[in-house]
Amino acid sequence: MEEDFVNLVRRRSGGGAVYQDLGNSIFTFLSPKNRYDKLLNFKILQNALREEFFIESEVSGRNDLIEKNSGRKISGSAFKQGKEIAFHHGTILVNLDLNSLQKYLTPHKLKLMSKGVSSISSRVLNLNELNKNLNHENLCNALMKHFTIQYAPHLINSFYNLNYSEERNLKLFKMNEWIEMLKNLNILTFLNEDNLKQELQNLNNSNTLNNNSTLNNNTNFQLWNKFYNELNDNEWNYGKTPDFTYNIETRLEGFGMIDLHLDYKNGKIFKVKMFSDTLYPILVDCIEEGLERREFSKKGILEFEKWMLCEKLPNLVALANKKVANGNNGGIDEETKELLEKYVKDIVAWMNVALFE
């Protein structure tokens, strides 16, 4: 990848790796947590593809959209929830370089087996193979249109009277139309309207990759730059993977791949590293934290399970319910807790068999 000048960046939302080039469009749904509905988001994607490009699709597995006739993947998603805000983001394959995809992504054999395919390129499909007129620009407009139909149908007539931005080569809503739509979505309950107008104006008038950007000297750009540097850190992207005594791996339905590395001394686990394409990366952190210093035995693993179910997960729920000023607390809600409890039990049962039987 380095020889080909392909950058590797680890995202915070979990899920498997994606290959990104200009043939792969990216979308994000950002919503108040109490209005978050990933199935509705998928419906918007499906409606846009069907109504504008005559492409039928359906939701598959944890986070994919597949083309209905072939069963091949056309979109993948990942999700993350904060205290008040949730987001759902993903890819849409428009005209991706499939040779590069095959070259740079090497999914685990268990994942390919679960999909019934022999390679990643045989599993995916570019949308412009189905509709030659489909491209990034008209796909973006289609998504905007069907987002508007879903959330602010009274604005749909305004959709056909948009401003044109030569700089971005995209059609954008007028400022007052975005403000009106955000009001309808109750997003402005979290934001000062004057500040929001300025934020939108900044985004319209600036390029964050340009050193002469109007954002360079304000707080928002400094925060953006700090976040960029964090994601650009090699330790964050690659981590540290020392040699381990045990390496076990599996794929759990609904959770994803698990690649677990353990080392122990004097009968106790003292190093843990877990890799996974799960959509719940918070559980990976909890497993690494909870297994360290446990007795390397079935008893120790069961004590870890008890700690997760009776202490760690309830604490994460309590953390989510605390009034934290910045809303970024790393907690979970009750629904997520119930799901993670199931995964913990499944993982513990697998570990005891894989390590001690």
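Look above for the structure.
Remember, it's a predicted structure, so these values are computed and weren't measured experimentally. (Residues numbered from 1 in each chain as written. Predicted model: local features only at pLDDT ≥ 70, side-chain atom pairs only at ≥ 80, totals over all residues. Heavy atoms only, no water.)

### Comments concerning the side chain of Ser-31
Okay, so step 1: Checked against the element boundaries, Ser-31 lands in strand 1 (residues 24-32).
Okay, so step 2: Note on Ser-31: relative accessible area 14%, which makes it buried.
Okay, so step 3: Other than its neighbours up to four places away in sequence, Ser-31 contacts Tyr-36, Glu-84, Ile-85 and Ala-86. (Helix = DSSP H or I, 4+ residues; strand = E, 2+ residues; numbered from the N terminus. Buried < 20%, exposed > 50% of the residue type's maximum accessible area, 1.4 Å probe, protein only. Contact = heavy atoms within 4.5 Å.)

### Brief notes about the sheet that holds strand 10 (residues 268-276)
Whether parallel or antiparallel, the strands of a sheet pair through hydrogen bonds between backbone atoms.
Okay, so step 1: Within the open sheet, the 3 strands sit side by side as 8-9-10. Their pairing is antiparallel. Where the open sheet ends on each side, the last strands, each with one partner, are strand 8 (246-252) and strand 10. Within the sheet, the average angular offset between the axes of one strand and its neighbour, ignoring direction, is 20°.
Okay, so step 2: Relative to strand 9 (residues 256-265), strand 8 runs antiparallel, the two being bridged by 7 bridges. (Pairing = 2+ DSSP bridges. Axes fitted to C-alpha atoms, helices over the stretch in contact; angles between N-to-C directions.)

### Some remarks on the nonpolar core
Okay, so step 1: Grouped together as the largest cluster of nonpolar side chains are 32 residues, with contacts concentrated most on Leu-260, Leu-283, Leu-291, Ile-347 and Met-351.
Okay, so step 2: Residue contacts for Met-351: discarding those within four places in its chain leaves Ile-248, Leu-260, Leu-291, Ile-301 and Phe-356.
Okay, so step 3: Ranked by size, the runner-up nonpolar core spans 27 residues in total, among them Ala-86, Leu-125, Ala-142 and Phe-147. (Core = buried A, V, L, I, M, F, W, Y, C linked by side-chain atoms within 4.5 Å.)

### Some words on the side chain of Asp-277
Okay, so step 1: The topology assignment puts Asp-277 in the loop between strand 10 and helix 10 (281-291).
Okay, so step 2: For Asp-277, a relative accessible area of 9% puts it in the buried group.
Okay, so step 3: From its side chain, Asp-277 meets the backbone nitrogen of Met-257 in a polar contact 2.7 Å long. (Polar contact = N/O pair within 3.5 Å; in protein donor to acceptor, adjacent residues only side chain to side chain.)

### Notes on the packing of helix 10 against helix 12 (residues 334-356)
Okay, so step 1: The contact between helix 10 and helix 12 brings their axes to 12 Å, and the two run at 50°. Taken together, the axis directions place helix 10 and helix 12 in an arrangement best described as oblique. Considering the relative orientation of helix 10 and helix 12, their crossing is right-handed. In this structure, helix 10 contributes Ile-282, Leu-283, Ile-287 and Leu-291 to the contact, and helix 12 contributes Leu-340, Tyr-343, Val-344, Ile-347 and Met-351.
Okay, so step 2: Taken together, the residues of the contact of helix 10 with helix 12 break down into 9 nonpolar, no polar and no charged. (Parallel < 35°, antiparallel > 145°, perpendicular 65-115°, else oblique. Left-handed = near helix turned anticlockwise from the far one by under 90°. Nonpolar A, V, L, I, M, F, W, Y, C, P; charged D, E, K, R; others polar.)

### Considerations on the pattern of salt bridges
Okay, so step 1: Counting across every chain of the model gives 13 salt bridges.
Okay, so step 2: A salt bridge links Lys-145 to Glu-52; the shortest N-O distance between them is 3.1 Å. Here the residue Lys-145 occupies a position in helix 4 (residues 136-151), and Glu-52 occupies one in helix 1 (residues 38-53), the gap between them amounting to 93 residues.
Okay, so step 3: Of the charged contacts in the structure, one is a salt bridge between Asp-64 and Lys-73, with a shortest N-O distance of 3.4 Å.
Okay, so step 4: A cluster of three or more residues bridged by salt bridges with shared partners is formed by Asp-64, Lys-73 and Arg-123. (Salt bridge = Lys/Arg side-chain N within 4 Å of Asp/Glu carboxyl O.)

### Focus: helix 12
Okay, so step 1: The end-to-end C-alpha separation of helix 12 is 33 Å, in line with the 33 Å expected for 23 residues at 1.5 Å each.
Okay, so step 2: The set of residues buried in helix 12 consists of Thr-336, Lys-337, Leu-340, Glu-341, Tyr-343, Val-344, Ile-347, Val-348, Trp-350, Met-351, Asn-352 and Leu-355.
Okay, so step 3: Where helix 12 is buried, its residues meet strand 8, strand 9, helix 10 and helix 11 (298-321). (Expected span 1.5 Å × (residues − 1).)

### Details of the packing of helix 11 against helix 12
Okay, so step 1: Interhelical geometry of helix 11 versus helix 12 gives an angle of 170° and a closest axis separation of 10 Å. Considered as vectors, helix 11 and helix 12 are oriented roughly antiparallel to each other. In this structure, helix 11 contributes Lys-298, Ile-301, Leu-302, Phe-304, Glu-305, Met-308, Leu-309, Leu-313, Pro-314 and Val-317 to the contact, and helix 12 contributes Glu-334, Lys-337, Leu-340, Glu-341, Val-344, Lys-345, Val-348, Met-351, Asn-352 and Phe-356.
Okay, so step 2: Residues of the contact of helix 11 with helix 12, tallied by class, amount to 13 nonpolar, 1 polar and 6 charged.

### Digging into the packing of aromatic side chains
Okay, so step 1: Summed over the entire model, instances satisfying the criterion amount to 10 aromatic pairs.
Okay, so step 2: With a centroid separation of 5.7 Å and 65° between ring planes, the pair formed by Phe-27 and Phe-29 is classed as edge-to-face.
Okay, so step 3: Relative accessible area serves as the criterion here: at 6%, Phe-27 is assigned to the buried category.
Okay, so step 4: Judged by its relative accessible area of 10%, Phe-29 falls in the buried class.
Okay, so step 5: A ring pair is formed by Tyr-246 and Phe-296, whose centres lie 5.1 Å apart and whose planes are at 35°; its orientation type is tilted. Taken together, the positions of Tyr-246 in strand 8 and Phe-296 in the loop between helix 10 and helix 11 put the pair 50 residues apart, joining distant regions of the chain.
Okay, so step 6: Overall, the relative accessible area of 31% leaves Tyr-246 in the partly exposed class.
Okay, so step 7: Looking at Phe-296, the relative accessible area reads 14%, which means it is buried.
Okay, so step 8: Grouping aromatic residues by their ring pairs yields a cluster made of Tyr-246, Tyr-264, Phe-296 and Phe-356.
Okay, so step 9: It is Lys-38 that lies over the ring of Phe-79; its NZ or CZ is 4.6 Å from the centre. (Phe/Tyr/Trp six-rings, centres within 6.5 Å; stacked < 30°, edge-to-face > 60°. Lys NZ or Arg CZ within 6 Å of the ring centre and 35° of its normal.)

Note that every value here comes from positions in space, so none of it alone points to a role or purpose.
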